[in-house]
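Structural features, examined
Spelled out, the chains give:
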Amino acid sequence: LTDVDLAAVEALRDELGDRAVALECDVRDPEALSELAGRVYRDIGSVRLLVNNAGVEQFGYLWDTPVPNWDRLVQINISGVFYGVRAFLPRMLASNAPSWVWNLSSIGGVAAVPLQAPYIMSKHAVLALTEFLRLEVDLAGHADRIHVQAVMPGAVRSNIFERAGGVDDGDIDAAETQRSAMLDIKAEAMDPVAAARVVFDQAAAGEFYLLTQPEYVGNAMTERGEILAARRAPQLRTKRRFDPANQ
């Protein structure tokens, strides 16, 4: 899972009590996820909600990005979601109980953000994967009980920016300036527990796109649709998208 504030984790742990069990798993390893799924079903019970949330960030110009950083990000952010679906969904189908699959995309899944290209690309990929999964679950005749939904967070507090990859050569200053800009946004970002409550409410209402900040993320979706419809080339923004006063 992406790191969140420890206080938020402790609050959830207190709320869940003995129902919370912490297990460690490398989502880059499909066998590890398959073993995790087997252990959960054996020791805890059927999974009704699968949340594929693991993700890492990367700053810097695309041509400066170290190849190991690129490979790690793709394996975690994209392949990790696929491996999670592959490990858990067949078991969820076999249980014949209403179940939910949430894949974590991002506002970045409908945006173009320079100096974060690998991460943004991965979130576009996760959104597409989730849309296809929704269609395939329907095609296979399971849409009445398997609910596939795309979670699209806006600015929500986590430690992802501090732990993001940077660059070793090339324009290091550009990469670190972008990191600093994102840390400034983090200082004003949404509390993760509050964000989770919003997402649960939308999921319960049967929505497909689950937005932590409906107006803010929704505006980005509308903007993306307009750009594609007009076939406009991407353009640099003159001001940052996130405005905490309007959230």
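Residues numbered from 1 in each chain as written. Predicted model: local features only at pLDDT ≥ 70, side-chain atom pairs only at ≥ 80, totals over all residues. Heavy atoms only, no water.

A look at the pattern of salt bridges
Evaluation of the coordinates by the stated rule reveals seven salt bridges. Between D191 and R157 there is a salt bridge; the shortest N-O distance is 3.0 Å. In this pair, D191 sits in the loop between α5 (172-186) and α6 (192-204) while R157 sits in the loop between β3 (146-152) and α5, placing the two residues 34 residues apart along the sequence. Of the residues examined, R157 reaches a relative accessible area of 24% and is grouped as partly exposed. For E162, the salt bridge identified is with K186, shortest N-O distance 2.6 Å. With E162 in the loop between β3 and α5 and K186 in helix α5, this residue pair connects regions lying 24 residues apart in the sequence. Given a relative accessible area of 40%, E162 falls into the partly exposed group. Given the relative accessible area of 14%, K186 is considered buried. Connected through salt bridges with shared partners, the residues R39, R42 and D43 form a single ionic network. (Salt bridge = Lys/Arg side-chain N within 4 Å of Asp/Glu carboxyl O. Helix = DSSP H or I, 4+ residues; strand = E, 2+ residues; numbered from the N terminus. Buried < 20%, exposed > 50% of the residue type's maximum accessible area, 1.4 Å probe, protein only.)

A closer look at α5
Residues three or four positions apart in an α-helix share a direction because the helix packs 3.6 residues into each turn. Given a rise of 1.5 Å per residue, 15 residues ought to cover 21 Å, and the 21 Å separating the end C-alpha atoms of α5 matches this to within 8%. Among the residues of α5, those classed as buried are A174, A175, Q178, R179, M182, I185 and K186. The arc enclosing the buried residues of α5, seen along the axis, measures out at 140 degrees, which places them on a common side. Opposite the buried face of α5, at more than 90 degrees from it, the exposed residues are D173 and T177. (Expected span 1.5 Å × (residues − 1). Arc of directions from axis to C-beta.)

A short note on the sheet that holds β3
Taking strand neighbours across the sheet as the criterion, the four strands line up as β1-β2-β3-β4 in an open arrangement whose pairing is parallel. Taken across any chain shown, the strands that pair with only one partner, and hence form the sheet edges, are β1 (49-52) and β4 (209-211). Neighbour-to-neighbour, the strand axes of the sheet open up by a mean angle of 25 degrees, direction not taken into account. One ladder, built from three bridges, connects β3 with β4; its direction is parallel. In the sheet register, V151 faces β4, and the bridge partner there is L210. Here helix α3 (residues 67-95) sits on the sheet in contact with β1, β2 (99-104) and β3, set at roughly 175 degrees to β1. Sheet contacts for helix α4 (residues 117-139): β2, β3 and β4; angle to β3, the most-contacted strand, approximately 165 degrees. (Pairing = 2+ DSSP bridges. Axes fitted to C-alpha atoms, helices over the stretch in contact; angles between N-to-C directions. Contact = heavy atoms within 4.5 Å.)

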